[in-house]
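# Structure assessment
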Amino acid sequence: MSEFIVNGGKKLYGDVTVQGAKNSVLPLLAATYLSNSECVLHNCPRLSDVDASVAILEHLGAKCRFEGNTLTVDSNGCFSSDIPETLMREMRSSIIFLGAIIAKCKAASMSLPGGCELGPRPIDIHLSALRQMGAEIECTAGRLICTAPNGLSGAEIHLNFPSVGATENIILTACKAKGTTVIYNAAKEPEICDLASFLNSCGAKIKGAGTPTVVIEGERELSGCVHNVIPDRIVAATYLFTVAMCKGAIRIKNAIPEQIFPFCHILQKCGCDVSVNADSVTLRSHNALHNFDVVSSGPYPGFPTDAGPSLVSASCLFKGTGVFVENIFDSRFRYVDELKRLGADIKVVGRAAIVTGVKNLAGAKVEAHDLRGGAALVSAAVAAHGTSVVRNIEFIDRGYENIEKVFAQLGAEIKRK
Ligand code: EPU
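One structure accompanies this document, and this report is about it.

## Topic: the overall build of the protein chain
- Of the regular secondary structure elements, the protein chain holds 14 helices and 24 strands.
- The C-alpha radius of gyration computed for the protein chain amounts to 21 Å, which stays within 12% of the reference 22 Å derived for 417 residues, consistent with globular compactness.
- The principal-axis extents of the C-alpha atoms in the protein chain amount to approximately 65 × 45 × 40 Å.
- Looking at the protein chain alone, contacts between residues at least 24 apart form 73% of all its contacts between residues at least 6 apart.

The following block contains the structure:
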């Protein structure tokens, strides 16, 4: 078990190039399984969740090779359709392989992902959509057994919630199904656009990604392609919120401004100075900041649930009271008790975290219980006066590439032990 030792309380200054997006690269890796030749992913972040996906691809027969942040995957000729429980357990989002495997092999077998540290994670929307496309799915003894005895066909699928993972699974399956698939009320997240752009470069025909209606033509032969993974907007949010609370200035060099607009907008209203250029965003935090009123998480273009913990962490040092309402996951406030150990004043009432700003946070021993909550604790430790220890940092390594090096580069005193 590793931990971070942080000597906090310093102002942060510098430029940061944000890593590739975890939530883009995971579905992209599943998509490489559909291709009949080599796919090259540049700006691929080195994360434990990426390692877990690579392990699944290799188990399925693919050849994977990392050189720095470039990952090459060759799934040509692989037709394995079974993922063992040990590999499924490594990462909840491995359910994203279901669509690709059933599309390629017309059969798939994997253990159910089950719940996770954020609460129950049902997959009913994924399964209902795949059934509409002709898949027969049985769930017995914790295992999903999927077949498509009559092949897979395009369908008109209305999602009752714009699930990111279900939209991705449907897109992957639909590329190989007979006929056209239309998804209504699809997720509109930038990661959906990145997946569609990758698949279109491989020869797919997907229109409307990023809007509520996505149309996918089926029976496409998919070749390889070279693709740049988009920068991680949630990681960018973590750095912006941390600099806001610590004071100082940060320039995010490879930002896609419209993707980080929700964070900049809130921070500007709190008193930060934000300037946005074509491909960079600069935030300066020099004045006393006051809290936002209410921010609620919601599907894109709403405020992302994954950035909630960073927002709450920062607001601990903003003057006045701010309310963050979590609408996507049932159990996402476990980091709050840890923030309180650092001196934060937060009450959780149902889905809302009510934060009253304090003058300073003070170093303490805290424990990460999940990825984003863990990163928010690191931010708070970097801002807190004195020494903090952040334990269970394996959670943070699932989604942040060397978070400690980025903070150290900005001037924080932080070490991995
Ligand atoms: N849901 C259902 N049934 C389903 C699918 C989802 O009830 O069949 C519910 C979920 O339980 C949840 C909500 O719908 O309450 C949102 O789930 P969604 O399917 O949209 O999320 P996901 O695909 O499982 C991705 C990200 C999450 C991110 C969410 C929401 C990946 C690998 N994961 O999860 O990222 O929070 O979208 O934006 O893309 C993270 O990075 O820390 C993380 C949790």
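Still more to cover.
## Quick word on the nonpolar core
- Ranked by internal contacts, the top residues of the largest apolar core, which has 76 residues, are Phe97 and Leu199.
- Sort the elements by how many residues they give to this core and helix α4 (residues 97-105) lands first, with seven residues.

## Observations regarding the packing of helix α8 (residues 233-246) against helix α10 (residues 308-315)
- Contact geometry of α8 with α10 gives a least axis separation of 9 Å together with a crossing angle of 0°. Viewed along their axes, α8 and α10 adopt a mutual orientation that is roughly parallel. Contact residues: Thr238, Phe241 and Met245 in α8; Ser310, Leu311, Ser313 and Ala314 in α10.
- In terms of residue class, the contact of α8 with α10 is made up of four nonpolar, three polar and no charged.

## Notes on the sheet that holds strand β9 (residues 143-147)
- Overall, mixed pairing links the four strands, which are arranged β6-β7-β9-β8 in an open sheet. Strands at the two margins of the open sheet, each flanked by one partner only, are β6 (82-83) and β8 (136-140).
- By the bridge criterion, five bridges tie strand β7 (residues 107-111) to β9 in an arrangement that is antiparallel. In the sheet register, serine 111 faces β9, and the bridge partner there is arginine 143.
- Set on the sheet, α4 makes contact with β6, β7 and β9; between it and β7 the angle comes to about 150°.

## Brief notes about the site of the ligand
- Looking at the ligand, there are 23 residues lining it, with Asp124, Ser163, Asp306, Ile328 and Arg372 nearest.
- Contacts to the ligand include proline 122, whose backbone N or O atom sits 3.3 Å from a nitrogen atom.
- Summarising the interface, the protein chains cover 86% of the accessible area of the ligand, which totals 820 Å² for the free molecule.
- Breaking the shell around the ligand down by element, the ones donating at least two residues are α1 (22-32), α5 (124-132), α6 (164-174) and α12 (371-383).
- Looking at the shell around the ligand, the element that brings in the most residues is α5, giving three residues.
- Considered class by class, the residues forming the shell around the ligand number 10 nonpolar, six polar and seven charged.

## Concerning the environment of arginine 341
- Structurally, arginine 341 is set in helix α11 (residues 334-341).
- Assessed through its relative accessible area of 53%, arginine 341 is described here as exposed.
- Through-space distance from the C-alpha of arginine 341 to that of valine 366 is 7.1 Å; in sequence the pair is 25 residues apart.
- Beyond its immediate stretch of four places on either side in the chain, arginine 341 contacts Ala362, Ala364, Lys365 and Val366.

## Observations concerning the environment of leucine 240
- Along the chain, the position of leucine 240 falls in helix α8.
- Separated by 11 residues in sequence, leucine 240 and arginine 251 place their C-alpha atoms 9.0 Å apart.
- When neighbours within four sequence positions are excluded, leucine 240 is seen to be in contact with Ile250, Ile252, Ile260, Phe263, Cys264, Leu267 and Leu283.

Definitions and cut-offs
Residues numbered from 1 in each chain as written. Predicted model: local features only at pLDDT ≥ 70, side-chain atom pairs only at ≥ 80, totals over all residues. Heavy atoms only, no water. Helix = DSSP H or I, 4+ residues; strand = E, 2+ residues; numbered from the N terminus. Rg over C-alpha atoms; globule rule 2.2 N^0.38 Å. Contact = heavy atoms within 4.5 Å. Core = buried A, V, L, I, M, F, W, Y, C linked by side-chain atoms within 4.5 Å. Buried < 20%, exposed > 50% of the residue type's maximum accessible area, 1.4 Å probe, protein only. Axes fitted to C-alpha atoms, helices over the stretch in contact; angles between N-to-C directions. Parallel < 35°, antiparallel > 145°, perpendicular 65-115°, else oblique. Nonpolar A, V, L, I, M, F, W, Y, C, P; charged D, E, K, R; others polar. Pairing = 2+ DSSP bridges. Near = heavy atom within 4 Å. Polar contact = N/O pair within 3.5 Å; in protein donor to acceptor, adjacent residues only side chain to side chain. Areas by Shrake-Rupley, 256 points an atom, 1.4 Å probe, with all protein chains shown as cover.

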